[in-house]
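# Structural description and commentary
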Amino acid sequence: MITSSNTSPISQINKVIPLLEKNYGNNLDSDYTEKIQELDRNFNYSANSNVYWSEPEHSILYGTPLYEQASLSQKLALNHLHWVLFYKRVADSETELIHYNTITADCLMAANSDYKMLVELLAHETYQERQHIHAFSQINYKTTKALLGKKALVNPVSHETTVREQKSDKSANYISTAANLIAMMLPGKKQSYADSDKYLSFPTNGFFNGFSGKSDISRKQFFSDNWRSYPFLAANFYAVRYMANLLLKNHEFGIHCYFKKMHKNNEFIASPTAISHYHFLDEAFHTTTSLFLGRDFHKYLPKPSRYEKWIANLAILQAQHENLNAISGISTNRFLSDGDVIIYLMKLLQSPVFDMSSQEAIQWIEKCLCYEHEGFHVNLKVHHKLLSELRKFAEQLDYLWPVNREMRVMASGGSIKKAIKNNIKAFNQFSIAI
Ligand SMILES: [Fe+2]
Ligand SMILES: [Fe+2]
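Before going into details, it helps to say that this report is about the structure given with it. Note that the structure is predicted; figures quoted are calculated from it, not measured. Numbering of residues starts from 1 in each chain and follows the order in which that chain's sequence is written. The order in which chains are written sets their letters, starting at A; the order in which ligands are written sets their numbers, starting at 1. For a predicted model such as this one, the threshold for reporting local features is a pLDDT of at least 70, and the threshold for listing and counting side-chain atom pairs is 80 or more; totals across whole chains, interfaces and linings nevertheless cover every residue. Water and hydrogen atoms play no part in the side-chain values, which are based on all heavy atoms of the structure.

What follows concerns unusual backbone geometry. With a phi angle near 55°, Asn 266 is a residue other than glycine that sits in the positive phi range. Only runs of H or I of at least four residues qualify as helices and only runs of E of at least two qualify as strands under DSSP, and these elements are numbered from the N terminus. Along the chain, Asn 266 falls in the loop between α9 (231-264) and α10 (271-296). Buried means the residue's accessible area, taken with a 1.4 Å probe over protein chains only, is under 20% of the maximum for its type, while exposed means over 50%, and partly exposed covers the values in between. For Asn 266, a relative accessible area of 74% translates into the label exposed. Not every positive phi belongs to a glycine, and Asp 355 is a case in point at roughly 55°. Structurally, the position occupied by Asp 355 is in the loop between α12 (342-350) and α13 (358-369).

Turning our eyes to something else, we now look at the coordination of the iron ion (ligand 2). Each metal's donors comprise the N, O and S atoms found within 2.8 Å of it (within 3.2 Å for Na, K or Ca). Water is not part of the atom list, so some coordination spheres may appear incomplete. Every protein donor of the iron ion (ligand 2) is listed here as Glu 129 (OE), Glu 283 (OE), Glu 283 (OE) and His 286 (ND1), and their distances to the metal cover 2.0 to 2.4 Å. Only two sets of limits are used to name each site, 85 to 135 degrees for every angle of a tetrahedral four-donor site, and over 155 degrees for opposite donors with all other angles from 65 to 115 for a square planar four-donor or octahedral six-donor site, with any other site named irregular. Each of the four donor atoms around the iron ion (ligand 2) contributes to a set of angles spanning 57 to 160°, which defines the coordination as irregular. Each donor residue of the iron ion (ligand 2) lies on one chain, and together they are spaced E-x153-E-x2-H. A gap of 3.7 Å separates the iron ion (ligand 2) and the iron ion (ligand 1), which Glu 129 links by coordinating each metal. Of this pair, Glu 129 sits in helix α6 (residues 116-148) while Glu 283 sits in helix α10; the two residues are 154 residues apart in sequence, bridging distant segments of the chain.

Attention shifts here to the coordination of the iron ion (ligand 1). Coordination angles at a metal have ideal targets, namely 109.5 degrees for four tetrahedral donors and 90 or 180 degrees for six octahedral donors. At the metal site, the iron ion (ligand 1) is ligated by Glu 94 (OE), Glu 94 (OE), Glu 129 (OE), His 132 (ND1), His 279 (NE2) and Glu 283 (OE), and these contacts range over 2.0 to 2.6 Å. What the six donor atoms of the iron ion (ligand 1) show is an angle range of 54 to 174° at the metal, which sorts the shape as irregular. When the donor residues of the iron ion (ligand 1) are listed from N- to C-terminus, their spacing reads E-x34-E-x2-H-x146-H-x3-E. Given a relative accessible area of 4%, Glu 94 falls into the buried group. Taking relative accessible area as the criterion, Glu 129 reaches 1% and is therefore assigned buried.

Below is the structure:
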């Protein structure tokens, strides 16, 4: 582990290292990952199908008129599918993390060999993410197959709609243009990133790469190249990771409390509930790592250049645009437009769970997305809480632009009126397209 060796003056004054070392030690002493592995190995959907996996408000379509009239078995299915949908996004984000943890660890290690402990810590977190991803994928596969049928396993939670692609292109172009301008200013970077044939090939829709269509490949490569090349930006990546940690915690804490309530009452606890509980505990170590690396570590690095500050701000701006730009009427913890999930809702309503005709499904989707109901209000409350936590964090980063320090993109998306207006637009485009 790190000692106060005389190999580098930087390590001697880096007060973050002992804190990270302590956090790493606590993580190594825990056995939450092993508990998750065991639950993963033994998971069987039918043995867990008759109970809620979290509070009923953590259900797809909660608060909508359709939820009001759903039967108990449909409500249970909506609760289980909410878990699946949420952890599909978590698994995608953690798949992306495997890449980013590795490249940023390499970058920090290259800057100072005394940061070896950091490399080990991040390798351990990466190992844990692999176990988490495996468990989420297993449960998602078995649950989706049981509830929606084999056909739904082909792109089970697809967000690909014509509407989304159009909208995604807009924000993608916005940030990609900035990325291209900056790239062209760099010595030896004559090729536009948009034309680059180098790209990250993993097809995920997580927090870090967003709902990227083909046009966003240049952006993935751009941020990846920067996070791996500059120690200040490698540390800044953990500010973005902390945002993802808070988004996860904002929802998972609720399942953790649900687990404790069931445990206290001696009630049966479904395996996915227990997995969420242990994942919440595992992720507490990761959140601490992100906080120290994202908030404090850069203070012990050489001062960033204007370029580095620009990229750091673009990264936070992208995280807001891609993950936190709207509110939803169909899920309490989703902060993206519902236009993105129309195709998924069509699959769900026509599946054996609801068994609707395509015409019925379309009518219900309109009722749930295009008119005000309780679901939007529940989401807005959760949105406010997350916004204030993110702002508390961002206020501590002195290099941030006001749009990032005040989380203005997220704040401007927090409107039910705007959400319904966007849903109507998306719904109309969808109706014309089918
Ligand atoms: Fe995880
Ligand atoms: Fe994690």
